[in-house]
Amino acid sequence: MKKAVINDIKRFAVHDGDGIRTTVFFKGCPLKCLWCHNPEGITVKPEIAYYEHKCIDCGECAYVCPTRAHIVKCGKHDFDREACIACGRCTESCLGGALTFYGKETTVEELLPQLLEDRDFYESSGGGVTLSGGECLVQADFCAELLKELKRLGIHTAVDTCGFISKSALDKVIPYTDVFLYDVKAYDEDVHIRCTGQSNKIILENLLYLDSLGKNIEIRIPYVPEYNSDQIEKIALLLSELKHITKIRVLPYHNYAGSKYEALNIPNTLPNRLPTDAEIKSAVETIKSITN
Amino acid sequence: MQERFFNYELISDTDRSFIENKYHRQDMPFDAKQRMKYHGYDYDESTGLSDGEIMLGLDELAKKLDVEHHYTIKSELFSYILDNTRIDINEHDYFIGIYTWDRVIDKHTIDPWQKEAYAKATLAVGNSKRNDFAKSGTAWALLDFDHTVPDWESLSTLGFVGILERLENSYTAIKSSGAITEKQELFYKCAKREYEALIKFTKRLYAYSLTKSHAKAAIVSESLKHLCEGAPQTTYDMLQLIYIYFMVSESVEHYQVRSLGYGLDGTLYPFYKSDIENRRFSKEEISRFIAYFMMQFSAMGNYWGQPFYLGGTNPDGSTAVNELSYLILDIYDKLGIYNPKIQIKVCKSTPKDFVFKALKMIIGGSTSIVFCNEDIIVKALMRNGATYDDATLAVVKGCYEYALRAKSIGISFNTFNALKPLCFVFSGGYDNVTGKLLGIHTGDVSEFDNFEKFYHAYLAQFDYVINENMKWIYEAEKYINDVNPSLLYAATIPACTEQLRDANDGGIINVSDMLLNGLGTAVDALMAVYELVFEKGVTTLQELKNALDNNWEGFEKLRLRALGCKHKYGRGDKLSDYYACAIHNFFASHFIGKKNSHGDNIEYELHSALAFLKQGKNTPATPDGRYNGDEVSKNASPTIGMDTNGLTALIRSVTSMDLSVSDSGACLDCMIHPSTVQGEEGTDILYGVLNTYLSLGGASIHFNVFNSEMLKDAQANPDRYKNLQVRVCGWNVLWNNLSKQEQDAYILRAEKIIE
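Residues numbered from 1 in each chain as written. Chains lettered and ligands numbered in written order. Predicted model: local features only at pLDDT ≥ 70, side-chain atom pairs only at ≥ 80, totals over all residues. Heavy atoms only, no water.

Caption draft 1: Structural context of the overall build of chain B. Scanning chain B for helices and strands turns up 29 helices and 15 strands. For 755 residues, the compact-globule estimate of 2.2 N^0.38 gives 27 Å, and the C-alpha radius of gyration of chain B, at 26 Å, lies within 12% of that figure. If one aligns the C-alpha atoms of chain B with their principal axes, the spans along those axes are about 80 × 60 × 50 Å. Every one of the 755 residues in chain B was classed for burial, and the buried ones make up 63%. Excluding contacts between residues fewer than 6 apart, the proportion of contacts in chain B whose partners are at least 24 apart in sequence is 78%. (Helix = DSSP H or I, 4+ residues; strand = E, 2+ residues; numbered from the N terminus. Rg over C-alpha atoms; globule rule 2.2 N^0.38 Å. Buried < 20%, exposed > 50% of the residue type's maximum accessible area, 1.4 Å probe, protein only. Contact = heavy atoms within 4.5 Å.)

Right, dumping it as structure tokens:
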């Protein structure tokens, strides 16, 4: 039985494809986008997020921790990440809600009943299930098995991907995916490397491949001023050549994820400048004028 | 689709400002609970007496009538007011003015008669706990004068004059049969007196309108002339009639009118069609009349909101949504008001564009629209004996209550707190507010060695409270007709006229309404006992009792554990949902198939009105982590912030209950963050939520779309948010009218919305 590592399951997700959906957030991503708003999805290995401001120093975590990663000294909680084995016991006992476990192992059998809970809502709203992340296709075998089951049950499926995956991984899920939510972050390779740490060659190839197969593709372009904002026109020109784009969304960059970086003890790479409404409007207009 | 915006002015700023100040002055302090004590301006003294003079006149008349039957006293006092109150036909308004609108007959009628009836009921029961139940927030029991809907069909086809003629014809027929009783004679005489007074009042208004030469006078005169002569002839006549009936019933006769029309759209539509076909009035003119009509209710300041409903389905399956349904929503939207409030009778076949229009208004910030599931209304009412046709045509009244057209009237309105019996399990039946034994002794709680014992003790306490309070209600209801005869209302009802019998004297079905408050929090409290004491064993019942007795002081960790329990109502958690179903059905089982002292139905409503605050205030700390005095959950909704799995899970929890069991209504309140429903797709999402809720068996649902940031800004800058309203429970209030504490509670609720 295949297992996957996931971070969360979100019901009533309304921004991850059409209609009312349930989104599964898989753990692990091959890119390292500077503006990443789900940093808990970067590594595959389990992690503990510690939101210090929510800690009430109750000591419950220290009581259950098998490695003494949590200790309370002079009434003050201290978290030694080096000693933490991310078993997650502390998160279950935390009274203040300060500790969150990312990296639950799960199986298709465990996931399915949860994903079917909102089936009535999918049917009435044209929604379904979305696999997201991280990059869900890092765990492509599992995704394929899960998607196959969902399709067997008549559920609409969406795969939210950064596209930086092997063609063989993509091939595994293509037969069971109704729509791909496909991120295009930059057209120029150097810009892509600067922003995500990786080339976009494979990403663009995979995009063309999906289009050539006639798959429905919803394009998502994060708009990050001073990072990829000069790429809009070029991306639009590329998209204007494709035949199966169902929607193009410009996602305004936001920096709400700052506290997550701190909680995970990851260096915060979030850019400072937020896009203005005028910038977003202009980007949308540019894309419309080129792709229409 | 209808136009969303009007290319003509619905109401001039001057007229709008006049109506806004018609009932009370906007620049003066205002207490909504005393709203009828105000006057916006002084009326022409030559048209009648001042309030003071009217009250003196009533004192004198009441003295003379002292030994008479209550029908006689009430109808005489009613007539005196209509004969003598000052009136107005104003250049800024299409609707009449009646000056004395503070239910001044109460001093001589309801006030003493109710006191007397309550004393008799208490005496009959012997050691009644009713008053202590009320004081302690355990249960309220009250006779009901607040939920009538006259027969708009009779009123629209007969008018006041035709109602009187029908009454006279019935009297003649019964009299000639030789089998008339004294009570029938009395009913006839007094109902007739009230209608004669009403017609005389309308004639007085008509005569006064003839003395006016302003631009609206002629049109007002014509309409009043029609109403003096017979049935309304135009849309405007009908609106005027509804308004006059409303004011006279609500403000003089003391029977609240809890819906305007059989659907405002349904009742007005035949007139509208005729007006347009015969070119009596244009659509533009009719839109203006409706706008002025709406503004009356907006200005009146009725704090629980004046409802009317739209839409519905005809017994043949066709939709009752018509051109006017759209137009009324457009006018309402354009006026930007929150009172009156609108219920929309909806089912899967309701035209999508109509539902979309309402949803877009909600997304745009309107908080006064609630959807009521026709399928559940039909199921609920048919179980009580209604035919399919009657149930399909049922009225939505008040907040979200259902009733048959012209076939039932509420006689009592009672609210039970689902939390208090649970507190009695811990206290051995002793109440924290009164110090009295208001429950029963169900054993020493610390000795319960399994959850079953605790659960049984809870049900036993609840059973006791319900039965004890019902004894009093049973007795008190016997006197409803003595306390407040419903003559004006009864004469509109064909069955009452045919029998010459008052409505709440058995002329039609006399319904007792039982409200359940705090269901969600009661489930959470039960589940906390289950999880903390018996499932995880992290505490004992004795320790929990100590924690509750100390309002959690010194037990903060335990309180956090209680708040963090996994089993909470509103999360789609199966175990909690089963217990919610159990309590819901347990409560209902006390009334299903039972009869009140009138031999009629006892109905159940999963609705809290203001009890979630008021009864919560008197409820001590509870095992779910709630502090002493905090509010409890309202309606079918969960405890604030406990629905952490999102809206779909919340709907699963609510619809796990058979909501047709609450045969008088049930509502789910949802707060939705604006980002969830932005853009065209947002309306699709909300439509999907609504449709799923309906198909899963949800009853009423009320969406509020806003975020906590906006509310915080409104708290800091009240001047910038003078028009902001929020839904409290079945009705809206102006944000600025809430106390700081209430605003904080609302902000807290908004902060818990999951995006």
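Caption draft 2: Looking closely at the packing of aromatic side chains. Residues and elements named next belong to chain B. Summed over all chains, the structure comprises 42 aromatic pairs over all chains. For the pair F293 and F297, a centre-to-centre distance of 5.1 Å together with 70° between the ring planes defines the contact as edge-to-face. Within this pair, F293 and its partner F297 are both found in helix α11 (residues 283-300), separated by 4 residues, close to a single helical turn. One exposure class covers both F293 and F297, and it is buried. Here F451 and F534 contribute two aromatic rings whose centre-to-centre distance is 6.4 Å and whose plane-to-plane angle is 65°, an arrangement assigned as edge-to-face. You can see F451 sitting in helix α17 (residues 451-477) and its partner F534 sitting in helix α21 (residues 519-535), a full 83 residues away along the chain. An aromatic cluster of three or more residues is present, and its members are Y94, F95, Y236, Y243, F246, F281, F289, Y292, F293 and F297. Here the basic side chain of R130 rests over the ring of W472, its NZ or CZ set 4.3 Å away from the ring centre. Cation over ring: K216 sits above Y94, and NZ or CZ is 5.3 Å from the ring centre. (Phe/Tyr/Trp six-rings, centres within 6.5 Å; stacked < 30°, edge-to-face > 60°. Lys NZ or Arg CZ within 6 Å of the ring centre and 35° of its normal.)

Caption draft 3: Summary view of the nonpolar core. Within the largest apolar cluster, 240 residues are counted, with the highest numbers of intra-cluster contacts made by F371, F454 and F703 of chain B. For this core, the leading source of residues is α17 of chain B, giving 13 residues. When residues no more than four places from it in sequence are discounted, the contact partners of F703 of chain B are L359, I362, F371, C670, I672, L686, V689 and L690 of chain B. Of all hydrophobic cores here, the second largest spans 64 residues; its members include C136, C162, Y223 and L239 of chain A. (Core = buried A, V, L, I, M, F, W, Y, C linked by side-chain atoms within 4.5 Å.)

Caption draft 4: Geometry of the layout of surface pockets. Residues and elements named next belong to chain B. When its volume is computed, the second largest pocket comes out at roughly 1300 Å³. Along the walls of the second largest pocket sit 41 residues, with L142, D146, Q256, Y303 and W304 positioned nearest its centre. For the lining of the second largest pocket, the secondary structure elements donating two or more residues are α2 (51-65), α4 (110-125), β3 (139-143), β9 (408-417) and α25 (611-617). If one sorts the elements of the lining of the second largest pocket by residue count, α4 sits on top with 4 residues. For the lining of the second largest pocket, a count of residues per class yields 18 nonpolar, 9 polar and 14 charged. Shared between two domains, the lining of the second largest pocket holds at least three residues of each, these being domain 1 (46-106 + 151-255) and domain 3 (409-664). (1 Å grid on protein atoms, 1.4 Å probe; cavity = no way out; pocket = protein on both sides within 12 Å on 5 of 7 lines; lining within 4 Å. Points joined across faces, edges and corners; volume = space filled by probe spheres on them. Nonpolar A, V, L, I, M, F, W, Y, C, P; charged D, E, K, R; others polar. Domains from an automatic or database assignment.)

Caption draft 5: Region of interest: the sheet that holds strand β5 (residues 341-346) of chain B. All names here are of chain B. Across the sheet, 9 strands lie side by side as β3-β9-β10-β11-β12-β13-β6-β5-β4; this open sheet has mixed pairing. Each end of this open sheet is capped by a strand with a single partner; those strands are β3 and β4 (307-311). Between one strand axis and the next, the sheet turns by 25° as a mean value, whatever way the strands run. As paired elements, strand β11 (residues 602-606) and strand β12 (residues 665-672) share 2 bridges and run parallel to each other. Along β12, the bridge assignment pairs E605 with G665. The sheet strands contacting helix α13 (residues 352-363) are β4, β5, β6 (369-373) and β13 (700-705), and the helix crosses β6 at an angle near 140°. (Pairing = 2+ DSSP bridges. Axes fitted to C-alpha atoms, helices over the stretch in contact; angles between N-to-C directions.)

Caption draft 6: Fine view of a negative patch on the surface. A surface patch of like charges, here negative, comprises E52, D78, D80, E82 and E262 of chain A. Residue placement: D80 of chain A occurs in the loop between β5 (76-79) and α2 (89-93). (Patch = residues over 30% accessible without salt bridge, like charges linked within 9 Å, V, L, I, M, F, W, Y side chains within 5 Å. Areas by Shrake-Rupley, 256 points an atom, 1.4 Å probe, with all protein chains shown as cover. Salt bridge = Lys/Arg side-chain N within 4 Å of Asp/Glu carboxyl O. Lys, Arg positive; Asp, Glu negative; His and termini not counted. Charge placed at Lys NZ, Arg CZ, Asp CG, Glu CD.)

Caption draft 7: Highlighting the domain arrangement of chain A. Here chain A is described as being made up of domain 1 (3-45 + 106-254 + 268-291) and domain 2 (47-102). A C-alpha centroid distance of 33 Å is found between domain 1 of chain A and domain 2 of chain A.

Caption draft 8: Looking closely at the interface of chain A and chain B. Every contact between the two is made by 20 residues of chain A and, on the other side, 23 residues of chain B. With both sides pooled, the region where chain A packs onto chain B buries about 1900 Å², and carbon together with sulfur makes up 58% of that total. When residues of chain A are sorted by the area they lose upon contact with chain B, F12, L95 and F121 of chain A head the list and together hold 34% of the total. For the pair chain A and chain B, the interface holds 6 salt bridges. K247 of chain A serves as the salt-bridge partner of E681 of chain B, at 3.2 Å between the closest nitrogen and oxygen. The tally of links from chain A across to chain B stands at 12 residue pairs in polar contact (both at pLDDT 80 or more). Those elements giving two or more residues to the side of chain A that touches chain B turn out to be β1 (3-13), α4 (119-125) and β12 (245-252) of chain A. The element contributing the most residues to the side of chain A that touches chain B is α4 of chain A, with 5 residues. Across the side of chain A that touches chain B, the residue classes break down as 7 nonpolar, 4 polar and 9 charged. (Buried area = accessible area lost by both parts, 1.4 Å probe. Polar contact = N/O pair within 3.5 Å; in protein donor to acceptor, adjacent residues only side chain to side chain.)

Caption draft 9: Representation of helix α3 (residues 70-84) of chain B in the model. Residues and elements named next belong to chain B. Over its 15 residues, α3 runs 21 Å from end to end, which matches the ideal 21 Å to within 8%, given 1.5 Å per residue. The element α3 is extensively covered by neighbouring structure, given that 11 of its 15 residues are classed as buried. Those residues of α3 that fall on the buried side of the exposure criterion are H70, Y71, T72, I73, K74, S75, L77, F78, S79, I81 and L82. (Expected span 1.5 Å × (residues − 1).)

Caption draft 10: Representation of the pairing of β1 of chain A within the structure. All names here are of chain A. Two strands pair when backbone bridges link them, and β1 and strand β7 (residues 104-107) are joined in this way by 4 bridges, in the antiparallel orientation. Bridge assignment links A4 to a residue of β7, and that residue is T106. The pairing of β1 with strand β2 (residues 21-26) spans 5 bridges and is classified as antiparallel. Following the sheet pairing, D8 is matched in β2 by F25.

Caption draft 11: Local environment of the environment of D102 of chain B. Residues and elements named next belong to chain B. Relative to the helices and strands, D102 resides in the loop between β2 (97-98) and α4. Accessibility expressed as a relative area gives 23% for D102, which makes it partly exposed. Considered as a pair, D102 and D51 are 51 residues apart in the sequence and their alpha carbons are 8.9 Å apart.

Caption draft 12: A look at the domain arrangement of chain B. Residue and element names in this part refer to chain B. Segmentation of chain B into domains returns domain 1 (46-106 + 151-255), domain 2 (259-397) and domain 3 (409-664). Computed over C-alpha atoms only, the centres of domain 1 and domain 3 are separated by 41 Å. Each side of the interface is counted separately: domain 1 has 30 residues, and domain 3 has 22 residues. Summing the contributions of domain 1 and of domain 3, the shared interface buries around 2100 Å²; its carbon and sulfur component is 63%. Three residues stand out in domain 1 for area buried against domain 3, namely Y71, F187 and Y255, and they jointly supply 29% of the buried area on that side. One can count 1 salt bridge joining domain 1 with domain 3. Elements that contribute at least two residues to the side of domain 1 that touches domain 3 include exactly α3, α6 (152-177), α7 (182-210) and α9 (235-253).

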